[in-house]
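Listed here are the chains, written in short residue letters.
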Amino acid sequence: MSSFLKFSAYINDNVEALATEVVEKVISKLELTIPDWEKEQARTMYLEFLRFFGDSFVKEEKCVPDFFIEWSRKNADMQTSSGGRVSLLAVRYPPTREVLTDMFTEIGQKLQLSLEQIVLIIKRINQMLDSSLNETIFAFEQLYEEKKEQAKKEMAALSAPIIPVREGIVILPLIGEMDAYRANYILEHVFPKLSDMEIDHLIVDFSGLSQIDVKMAAYLQQLGMMLKLVGIHLITSGLRPDLAQIVVKSGLELSGTDTFSTVKRALESLD
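How each quantity is defined
- Residues numbered from 1 in each chain as written.
- Predicted model: local features only at pLDDT ≥ 70, side-chain atom pairs only at ≥ 80, totals over all residues.
- Heavy atoms only, no water.
- Helix = DSSP H or I, 4+ residues; strand = E, 2+ residues; numbered from the N terminus.
- Buried < 20%, exposed > 50% of the residue type's maximum accessible area, 1.4 Å probe, protein only.
- Phe/Tyr/Trp six-rings, centres within 6.5 Å; stacked < 30°, edge-to-face > 60°.
- Lys NZ or Arg CZ within 6 Å of the ring centre and 35° of its normal.

> Looking at this model, I keep getting lost on the environment of serine 114. Mind explaining?
Position of serine 114 relative to the elements: it lies in the loop between helix H6 (93-110) and helix H7 (115-158). Looking at serine 114, the relative accessible area reads 29%, which means it is partly exposed. Here the alpha-carbon distance between serine 114 and serine 3, two residues 111 residues apart in the chain, equals 8.7 Å.

> Help me understand the packing of aromatic side chains in this model?
All told, the structure shown has 7 aromatic pairs when counted by the stated rule. With a centroid separation of 5.1 Å and 25° between ring planes, the pair formed by phenylalanine 4 and phenylalanine 57 is classed as stacked. Remark: phenylalanine 57 occurs in helix H3 (residues 36-59) and phenylalanine 4 occurs in helix H1 (residues 3-13); sequence separation between them is 53 residues. There is no split in this pair, since phenylalanine 4 and phenylalanine 57 are both buried. Consider the rings of phenylalanine 49 and phenylalanine 53, whose centres lie 6.2 Å apart with planes at 25°: the pair is stacked. On the criterion of helical spacing, the pair formed by phenylalanine 49 and phenylalanine 53 is a turn pair, its members being 4 residues apart in helix H3. One aromatic cluster is present, built from ring pairs that chain together Phe4, Phe7, Phe49, Phe53, Phe57 and Phe104. The cationic tip of arginine 124 hangs over the ring face of phenylalanine 57; the distance from NZ or CZ to the ring centre is 4.2 Å.

If you want it as structure tokens, here you go:
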């Protein structure tokens, strides 16, 4: 039996004990306290991984197994879902690398493998761990960007609610800081709703805004033009002097828009 066949056979014959050893030693090195279900999940993953790793020297499968990549991505998903940082995942790799290196070196010596063969084994495990770490980071970044984009959409929706007050009249209170992203969200998502509501007047209230991005002016002007095309009268209210100054400096024309200091006065003008 060749040396690598003996190595593969040893891994498969002792995979249960080896997987448990890896999990326990990594947890000990990191001084972690983790629930039993997570410990068992890690053990199951290492069972599959060690089998694949042992067989890779017989079948010449040098790539990272799909289940290992999937496990790396699930770790990233769990971390982003809980609001954690990718560094909390990355710190687990050095002790894992150390545990596996020591384990395979000891097995290689027990099986009387040559130094070159042991080096090849360590090199291959490092390549797999590097690939796993890369997949974890890539997945974390992708998931983080997706969740950040979703959070921006949710914030944009919450900051521009449509409030019906009378027949044919709705108020669109703008809340927080208005930038180009949120203004564009109004054009793409709020305007279609307005055009389907069969309203005559829209009061856009600025009193809840803390700041207006200069790009907001162009979007507001575009919104006014779009509303006019569908027969909706645009009214603005609550535009504080500091916000009004930003709007004026941006070059926005408000001459064709009825403007009032408060929503109450805007509503009174429609009586």
